[in-house]
Amino acid sequence: MNNKGFTLTELTVTIAILGIMSAISIPSYFSWLPRHRLQTSVRHIYDDMNMAKSRAVKTNADIGIEFNTSNENYRIFIDTDQDQIYDAAETVISTGTLEDDIDIIGSTFTNHTYGFNSRGMSAGGTGEVRLTNPSGLFLGVRVTASGCLTIINSTDGGTTWP
């Protein structure tokens, strides 16, 4: 008898085990994906805002961040006239686009724009940018007057943000 290779029974059992494992893991993956995309988008905004804060201190200039709620993106720019509004003459440092199916549901920043002054502090008070996904999860980034950034979570459908 030749012992090179696998029997039909061994192959059938292996394929059955793979099928069962796939049936268990695929639904879990699809429920995990929307949350991961939301967390990734919030983390990118958080990191880019930290970069803007550092850049403001490093270059001794005001840096603005403008959130576009209709296109789900944002841009970071050198705010030469210190009005926290992007003007065509101002230099864009970076742009960011959110992950698929992630929406900016609003911000408490005036005109959806925030800025850091040359000391890394808020150029416009406190505020938040808020995001959601199709699963109904809500995350955001809060900025204090001192320029401190925090990732926030709303557990009641976006009504309150502790």
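Whatever comes next refers back to the structure up there.
Each value, and the rule that gives it
- Residues numbered from 1 in each chain as written.
- Predicted model: local features only at pLDDT ≥ 70, side-chain atom pairs only at ≥ 80, totals over all residues.
- Heavy atoms only, no water.
- Helix = DSSP H or I, 4+ residues; strand = E, 2+ residues; numbered from the N terminus.
- Salt bridge = Lys/Arg side-chain N within 4 Å of Asp/Glu carboxyl O.
- Buried < 20%, exposed > 50% of the residue type's maximum accessible area, 1.4 Å probe, protein only.
- Pairing = 2+ DSSP bridges.
- Axes fitted to C-alpha atoms, helices over the stretch in contact; angles between N-to-C directions.
- Contact = heavy atoms within 4.5 Å.
- Phe/Tyr/Trp six-rings, centres within 6.5 Å; stacked < 30°, edge-to-face > 60°.

1. Examining the environment of Ile17
Right, so step 1: With respect to the helices, strands and loops of the structure, Ile17 is situated in helix H1 (residues 8-59).
Right, so step 2: Spatially, the C-alpha atom of Ile17 lies 41 Å from that of Ile151, the residues being 134 residues apart in sequence.

2. Here we look at the pattern of salt bridges
Right, so step 1: Across all of its chains, the model carries 4 salt bridges by this definition.
Right, so step 2: For Arg75, the salt bridge goes to Glu66, with nearest N and O atoms at 2.7 Å.
Right, so step 3: Across the salt bridge formed by Arg130 and Glu128, the nearest N and O atoms sit 2.6 Å from each other.
Right, so step 4: By relative accessible area, which is 22% here, Arg130 ends up partly exposed.
Right, so step 5: Given the relative accessible area of 8%, Glu128 is considered buried.
Right, so step 6: Through salt bridges that share partners, Glu128, Arg130 and Arg142 make up one connected network.

3. Describing the sheet that holds strand S1 (residues 63-68)
Two orientations exist for strands paired in a sheet by backbone hydrogen bonds: parallel and antiparallel.
Right, so step 1: Overall, antiparallel pairing links the 4 strands, which are arranged S3-S2-S1-S5 in an open sheet. Among the strands making up the open sheet, the edge pair consists of strand S3 (92-97) and strand S5 (113-116). Put simply, the sheet's adjacent strands are angled 15° from each other on average, direction ignored.
Right, so step 2: Inspection of the sheet shows S1 paired to strand S2 (residues 73-78) by 6 bridges, in the antiparallel sense. By the bridge assignment for S2, Gly64 is matched with Phe77.

4. Focus: the pairing of strand S8 (residues 149-154)
Each regular strand displays side chains that alternate between the two surfaces of the sheet.
Right, so step 1: Here strand S7 (residues 138-143) runs beside S8; their pairing, made up of 6 bridges, is antiparallel. In the sheet register, Gly140 faces S8, and the bridge partner there is Ile152.
Right, so step 2: In textbook terms, the turn of a hairpin is the stretch between consecutive antiparallel strands, and for S7 and S8 this stretch comprises 5 residues, one of which, Gly147, has a positive phi near 90°.

5. Focus: the sheet that holds S8
Right, so step 1: Strands sit in the order S4-S6-S7-S8 across an open sheet of 4 strands; the sheet is antiparallel. Unpaired on one side and paired on the other, strand S4 (103-107) and S8 mark the two borders of the sheet. Taken pair by pair, the neighbouring strands of this sheet meet at an average axis angle of 25°, ignoring direction.
Right, so step 2: On top of the sheet, H1 reaches strand S6 (127-132), S7 and S8; it is set at about 10° to S7, its chief contact.

6. Describing the packing of aromatic side chains
Right, so step 1: Summed over the entire model, instances satisfying the criterion amount to 6 aromatic pairs.
Right, so step 2: With 5.4 Å between their ring centres and 70° between their planes, Phe77 and Tyr86 make a pair best called edge-to-face.
Right, so step 3: Look at Phe77 and you get buried, because its relative accessible area is 0%.

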